[in-house]
Structures are given as C-alpha cells and as structure tokens.
Amino acid sequence: MPSPTVALDGRGAEQGADTLMIGARAAAADGISLRVFGDAGALAPLAELGGVEVIDAPGEIANTDEPVAAVRSRPDSSVVMAAADVAEGPSEALVSAGPTGATMTAALFALRRTQGVRRPALSVQLPRPGHSRPGALFLDVGANTEARAGDLVQFAYLGSAFCAAVLGVERPRVALLSVGEESGKGTSQIVDAHATLGDAEELNFTGNVEGRDLLGDAADVIVTDGFTGNVALKTLEGTARTIGAAVSDAARSNPMAAVGGLLLRPALGGLRREIDPDNTGGAILLGLRGVAVVGHGSSGAEGIANAVRLAARAVEQRAVERTGELLEGAGATRGGLRRDRNEE
Amino acid sequence: MTTLDRDQVLEKVREHLATELEIDPARIEASTRFREDLDADSLDLYELVMELEDTYGVKMSEQEAAGIETVSDAVEFVLARQPA
C-alpha cells in the first residue's frame, strides 16, 4: 500500500521553519509523502527531497487572530490551503503546529464533521511511565469548553475506535474523568453520560477514574469536557517540568547527590523522553471526515515528525471510517442519542 | 442565470439541516428557529452558511451570519444576494 500523503502547514511552528524542515525531513525519510504549504523560498530545501512538494502559501494566521474570521477571510493562508488540500483530495491528512484555534477551525470547515457527530474532540495520548501498554487516549483537551452528556458519550465512542484502530488496543477500557469512582459522582453531564455508557454493549466502559489515574493503568480512553481536559493536561505538563527541574537541582546540590544523579541519568533520560510531549507529536481532532493533527505549540523537530507519523498512521488504519462505523453501529450519532432521550 | 425560487432555496436549507442534524425534514419550516427549535449551534449555522455560499455563489460576512436566526432569514439572504 502506498504511504499516505500528508498536508503540512509550513508556517506557525513556534520554533521556526528550520525546526519544521528537520521534522519534515525525518517524516519523509520514513516514506511519508508530504505537501508542505508556506513560504516557498524559506522551505525550498524541502522541495529537493523525494516525495516532498512545497506549495507557496503567502498568508499566515497568527495566535492573536480570531480563528473563524481569519479562516473564512484568508484562503491563501498556509493552514487554510493545507486543509483544503485534504478536502479536495491531493492530501489525505492535515498537520499543523500553528495556532490551535485556527487549525481546528480550518479543519472543521474544510473537512466537516463526521455525519452524526455534534462536537469533534481534541485528543492526546498521555504517557504511561513504567508500563508497556500504550498510554491512555485523553479527550477532549480543548476543542469544546463545555460538553453535554451526549457529547461525552460520543467522545467515548470516538476515543475507543481510535484507540483500537491506531494505538492497537483491543477492547480499550473507556472511563469518564470525575471526582470519584462512584456512578453518582460528578457534574450532571458526567452522571448522565455514565448512565448511557453503562448500557453501551459496543464499549468496554469501566466507570469513572480520577485525576490521579491519568498516567496510571486504570483506562485506555479517558473522557472529559474540553475545559477540564485542557486544565488537566497543562497541569500534568507543568508538574512534569517542575519536578524534572527540581530533581536536576537536587542532583547538583552536593557531591554525593551528584554521584547519585550520574548513576540515575540513563534511567531519568528514558523517563524524560517518555513524558516529552514531542514523543506523541500532537493532538488529533476526532469526529471529522478526515484526519487532522494539531501539533504541540512548541513542537521540536521530533514533535513535527511524530505529528506527521500519527496522521499517516491514522490514514493507514482507516481511523475516520472506523470511528464513523462504530458511532453509526452503536446508534450513538446525534439523531440516535436524541431518539434514546425521547424514548426515556 | 435562472432566478432562484424561494421554495427551491427553502428545500435546499431543509435538506441540509435534516441531514446534518439528523431530524425529520417535516420539522423544518420557514419560521423555524435554529437554536431554539432545532437545537443547532454556531457550528451548525456556519456549516449551513458555507453550504449556501458554495451552492449559490453568495458571500456572507461574520456579522451577517450572526444575524441569521431562522430558516427564513437564511432563505431571504440568499434570494436578496443572488448574482444578477
């Protein structure tokens, strides 16, 4: 099977075009075809690589721009052109490390939502230090600040299908993030979603988990609203960074500690790589009719390469089709969930 | 260019909304309100706006899109701005 073609937004990466080109080069070396949209002059070295095309996109959308207005009024911007390339066919997946709001909006407008999905969700794979099992897929981490019970139910299906298709987990354990394990704990949306998911035969729903379980082995898919998910994700990232710096400081605090630090360095280096956001590459927007990956804002070259690899894997494993099939088969589309509510 | 008929545009809007919102087309009339009657949100509305822009060659600003509250608003907008 030929490798998928990925449309890569060549602008907006915080670490600049040089870093983006190193990442693109690494992904292309894996045999992934790339169509890179951005400043053709700056990206010219990429055009010399086999399987890579550079398309000039003069416009850019900044973090400070209002996403909907900017996406609708700037068809020549790199992220809008890249998203259109996926919608129109030459490319099969979108990757951008530019502003998250603009990337999500461009993807939503160009690729459209999967039939029956009310709200797409942004999902990331969390690290699971010390475990061989793939880290949990965590969603929504910021696409929707508020979510209805029906949205949470749909996120559970979207996450389960993606986890099985792309992360290779058989019958993924699906859980809701709440403030207690009991079914009655949490907001009314969580409680209602719990009741619906408890009856879902197509899912391996295991109940509620708490914040302390995010990096553990309690679940393979953890569902929450985008506000909670974003706060939790940023808390994890900040905590990891702070603890990492504190461990480094402690290791340098006296000669004895320095010896211990040297002995631990190989193990700590492995752990640092494991929890590095670049390791997973980015967040995938689930619930669209195409694949869209939003790179981490401060993605390094490895982060860019891994975001492209994630997008290519999602195409190869038919993640979009499989999530749609699971939703449809389970009657968890918008209309199906509405009918369920009316029957109650 | 053929002048658009109000019923044709209404049918187009009805067809789009019924498919995307997964509701019975019979529930959609000219006076139907997007948010209150159909539980549609801003994303649903933008998808409708883009569908109308692509189908009829009209262009709707953000401000104009925000002013669309009923099915009839959408239909009248298209009729008023159809290319001469």
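Residues numbered from 1 in each chain as written. Chains lettered and ligands numbered in written order. Predicted model: local features only at pLDDT ≥ 70, side-chain atom pairs only at ≥ 80, totals over all residues. Heavy atoms only, no water.

Looking now at the interface of chain B and chain A. Residue-level contacts link 21 residues of chain B with 19 residues of chain A. Buried surface at the junction of chain B and chain A, summed over both partners, amounts to about 1,800 Å²; 35% is from carbon and sulfur atoms. For the chain B face of the interface with chain A, the top three residues by lost area are B:Glu22, B:Leu43 and B:Glu47, together amounting to 33%. Summed over the shared surface of chain B and chain A, the result is eleven salt bridges. The closest approach of N and O atoms between B:Asp44 and A:Arg113, which form a salt bridge, is 2.6 Å. Where chain B packs against chain A, one counts 15 residue pairs in polar contact (both at pLDDT 80 or more). (Contact = heavy atoms within 4.5 Å. Buried area = accessible area lost by both parts, 1.4 Å probe. Salt bridge = Lys/Arg side-chain N within 4 Å of Asp/Glu carboxyl O. Polar contact = N/O pair within 3.5 Å; in protein donor to acceptor, adjacent residues only side chain to side chain.)

Residue and element names in this part refer to chain A. Judged by pairing direction, the sheet is mixed, and its eleven strands sit side by side in the order 3-2-1-4-11-10-5-6-9-7-8 without closing on themselves. Two strands lie at the open edges of the sheet, namely strand 3 (52-56) and strand 8 (204-209), each paired on one side alone. Here the strands of the sheet are splayed against their neighbours by 25 degrees on average, with no regard to which way each runs. Taken together, the five bridges between strand 7 (residues 173-177) and strand 8 define a ladder with parallel strand orientation. Note that in strand 8 the partner of Leu-177 across the bridge is Val-209. Across the sheet, helix 5 (residues 100-111) is in contact with strand 4 (93-96), strand 5 (121-125), strand 10 (282-286) and strand 11 (291-295); its angle to strand 11 comes to roughly 175 degrees. (Pairing = 2+ DSSP bridges. Helix = DSSP H or I, 4+ residues; strand = E, 2+ residues; numbered from the N terminus. Axes fitted to C-alpha atoms, helices over the stretch in contact; angles between N-to-C directions.)

This part is about the environment of A:Ala26. All names here are of chain A. Of note, Ala-26 is situated in helix 1 (residues 16-29). Judged by relative accessible area, which is 25%, Ala-26 ranks as partly exposed. Sequence separation between Ala-26 and Gly-329 is 303 residues; the distance between their C-alpha atoms is 38 Å. (Buried < 20%, exposed > 50% of the residue type's maximum accessible area, 1.4 Å probe, protein only.)

This paragraph deals with the side chain of A:Arg118. You can see A:Arg118 is positioned in the loop between helix 5 and strand 5. A polar contact of 3.2 Å, which involves the side chain of A:Arg118, links it to the side chain of B:Asp41. Residues in contact with A:Arg118, not counting those within four places in the same chain, are A:Arg113, A:Arg148, A:Asp151, A:Gln154, A:Arg334, B:Asp41 and B:Leu43.

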